[in-house]
Amino acid sequence: MSLKKDKQKVLGEVFDDERIAGFLVGEPPEGIERDYHLLERAYRSMKAENFETFVRLFQEQGLDINSPGPDGKTLLARIDEHRQGAEYSAILKSAGADA
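This is a predicted model, so every value here is computed, not measured.

Asker: Before we go on, may I ask you to explain the overall build of the protein chain in this structure?
Answerer: The helix and strand inventory of the protein chain stands at 5 helices and 0 strands. If you list the helices and strands of the protein chain from N to C, you get α-α-α-α-α. A total of 99 residues make up the protein chain; the buried ones form 39% of that total. Accessible area of the protein chain: about 6,200 Å², with a carbon and sulfur share of 47%.

Right under this line is the structure:
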């Protein structure tokens with residue numbers, strides 16, 4: 001059993017639309033698909049309300065919400081393994097993500 005928290009709290013950071021859109025920029029580490037990397041980075045950095053905005057912008061850019069991670073799982077499948085990922089999971093599901 002892991003004692004590591006599923007998600008770190010984000011305190012005191014302001015995420016306006018411009019800052020959220022900044023998460024659509026960046027290159028992944030070698031061997032990781034870019035779309036998955038962007039989604040995962042946003043998930044790990046944002047509160048659910050900001051993540052919901054990010055997912056909308058992500059889809060408006062035509063990016064793949066079902067892009068697999070290095071283990072072949074989608075971000076939704078990974079989040080569904082996290083105890084406190086329910087809000088994020090619901091956001092991805094409402095955007096059409098598959099587990």
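Asker: Is there a simple way to think about the pattern of salt bridges in this case?
Answerer: Pairs may arise between side chains of opposite charge once their charged atoms sit close together. Across all of its chains, the model carries 5 salt bridges by this definition. The salt bridge involving Arg-34 is made with Glu-27; its shortest N-O contact spans 3.6 Å. Since its relative accessible area comes to 63%, Glu-27 is described here as exposed. Salt-bridge contacts for Asp-71 lead to Arg-78; the nearest nitrogen and oxygen are separated by 2.8 Å.

Asker: What is the right way to read the nonpolar core from this model?
Answerer: Grouped burial of nonpolar side chains is what soluble globular proteins tend to show. Core analysis: the largest hydrophobic core is formed by 25 residues, its most contacted members being Leu-39, Phe-51, Phe-54 and Leu-92. Listing elements by their share of this core, those giving two or more residues are α2 (34-45), α3 (48-60), α4 (75-79) and α5 (86-94). The element best represented in this core is α3, accounting for 6 residues. When sequence neighbours within four positions are dropped, the list of residues in contact with Phe-54 reads Ile-20, Phe-23, Leu-24, Leu-38, Leu-39, Ala-42 and Met-46.

Asker: Would you mind going over the environment of Arg-41 with me for this structure?
Answerer: Looking at where Arg-41 falls in the secondary structure, it is placed in helix α2. Arg-41 gets classed as partly exposed once you look at its relative accessible area, which sits at 27%. Taking the C-alpha atoms as reference, Arg-41 lies 7.6 Å from Phe-23; in sequence the two are 18 residues apart. With residues up to four places along the chain from it excluded, the contact list for Arg-41 reads Gly-22, Phe-23, Leu-24 and Val-25.

What counts as what
Residues numbered from 1 in each chain as written. Predicted model: local features only at pLDDT ≥ 70, side-chain atom pairs only at ≥ 80, totals over all residues. Heavy atoms only, no water. Helix = DSSP H or I, 4+ residues; strand = E, 2+ residues; numbered from the N terminus. Buried < 20%, exposed > 50% of the residue type's maximum accessible area, 1.4 Å probe, protein only. Areas by Shrake-Rupley, 256 points an atom, 1.4 Å probe, with all protein chains shown as cover. Salt bridge = Lys/Arg side-chain N within 4 Å of Asp/Glu carboxyl O. Core = buried A, V, L, I, M, F, W, Y, C linked by side-chain atoms within 4.5 Å. Contact = heavy atoms within 4.5 Å.

As far as function goes, none of this settles anything; it's purely spatial.
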